[in-house]
Amino acid sequence: MAANTAAELIQALEVCGTAQNRKIYRRHGVKGPQFGISYANLGKLRKKIKKNHAAAVALWISGNHDARVLATMIADPGAMCRQDLEAWAQDLDNYVLTDAFSKLVCASRHADVLMRAWMDCGVEWKGQVAWSVIAAFATKRQEMLDDYFMPYLGVIERHIHERTNRERHSMNMALVAIGLRGGVLEGEAFRVAAAIGKVNVDHGETSCRTPNAATYMRRALARRARRS
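So, here is what we can say about the structure in this document. Since the model is a prediction, treat every value here as computed from it, not as a measurement.

A closer look at the overall build of the protein chain
Within the protein chain, the secondary structure is distributed over 13 helices and zero strands. In the protein chain, the succession of α and β elements from N to C terminus is α-α-α-α-α-α-α-α-α-α-α-α-α. For 228 residues, the compact-globule estimate of 2.2 N^0.38 gives 17 Å, and the protein chain sits close to it at 18 Å. Seen through its principal axes, the protein chain has C-alpha atoms that stretch 50 × 40 × 35 Å. Looking at the protein chain residue by residue over its 228 residues, the buried ones come to 49%. For the protein chain, long-range pairs separated by at least 24 residues make up 69% of all intrachain contacts whose partners lie at least 6 apart in sequence. For the protein chain, the exposed surface amounts to about 11,300 Å²; the carbon and sulfur share of it is 53%. One way to put it: in the protein chain the 33 positive side-chain charges average out to a point 8 Å from where the 22 negative ones average out.

And the structure:
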């Protein structure tokens, strides 16, 4: 039976934590309290719990990194009002947690309005969320029109190099996601990729890299062609 209370979940998280994972997460910018839980174990907990919004809120309040990541997984997006999401966004302090939080924002009814509010706010983590939302829309919402995405290619072309560190990475991946929708967006995305050139992102003490958007798109399109 899945644990139901935040206290029980935190206890379960602590048991699964390892020193090696804590070391890895610190290299990825996680600075606060953490247990060091692998995403495999977080995924197992999520499947057992499914949704438990009250526990998610308590987990977020705990301030523990792993608890907060799990909170984004088990929170009910429909129960998150805009003020809740704004409050959680104030606590973001690393890209790992921000990636997880972005998925919760995308699943909420406030995704579009928050994306627009955070896109030019100058706060690194909110900017990362905004462009992650655009990338998710491009990937998952095939019913959306090309006209929705075209203006954002222009923003990327004009402003990517002046934005904050993780925002630049998120914008680059949004460029890829938009281009992979195909059609006129594909051609425009390749043009923008050529115009912006290399996107410099500091990935800290890791081997991670921000890919060249054009190269990434070509490889993804080639894989798609082989599958079809």
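On we go.
Regarding helix α4 (residues 53-62)
Among all positions of α4, only Ala-55, Ala-56, Leu-59 and Trp-60 are buried. An end-on view of α4 places all buried positions within 135 degrees of arc, on one side of the element. Residues of α4 that are exposed and angled more than 90 degrees away from the buried face: Ala-54 and Ile-61. Buried residues belonging to α4 abut α1 (6-16), α5 (65-74), α6 (82-90) and α7 (95-107).

Some thoughts on the environment of Ala-55
Residue position: Ala-55 is located in helix α4. The buried category is assigned to Ala-55, whose relative accessible area is 4%. If sequence neighbours within four positions are ignored, Ala-55 has contacts with Asn-4, Ala-6, Leu-9 and Ile-74.

Describing the pattern of salt bridges
Applying the stated criterion across every chain, the model contains eight salt bridges. Among the ionic pairs, Glu-167 bridges to Arg-163, the shortest N-O distance being 3.1 Å. For the pair Glu-167 and Arg-163, a shared accessibility class is recorded, and that class is buried. The salt bridge partner of Glu-188 is Arg-191, with a shortest N-O separation of 2.8 Å. You can see Glu-188 and its partner Arg-191 sitting in helix α12 (residues 183-196), three residues apart, about one turn around the helix. Looking at Glu-188, the relative accessible area reads 23%, which means it is partly exposed. A relative accessible area of 37% means that Arg-191 is categorised as partly exposed. Taken together, the shared-partner salt bridges in this structure form one network comprising Arg-82, Glu-86 and Lys-126.

Conventions we followed
Residues numbered from 1 in each chain as written. Predicted model: local features only at pLDDT ≥ 70, side-chain atom pairs only at ≥ 80, totals over all residues. Heavy atoms only, no water. Helix = DSSP H or I, 4+ residues; strand = E, 2+ residues; numbered from the N terminus. Rg over C-alpha atoms; globule rule 2.2 N^0.38 Å. Buried < 20%, exposed > 50% of the residue type's maximum accessible area, 1.4 Å probe, protein only. Contact = heavy atoms within 4.5 Å. Areas by Shrake-Rupley, 256 points an atom, 1.4 Å probe, with all protein chains shown as cover. Lys, Arg positive; Asp, Glu negative; His and termini not counted. Charge placed at Lys NZ, Arg CZ, Asp CG, Glu CD. Arc of directions from axis to C-beta. Salt bridge = Lys/Arg side-chain N within 4 Å of Asp/Glu carboxyl O.

Purely spatial values, then, with no claim about function.
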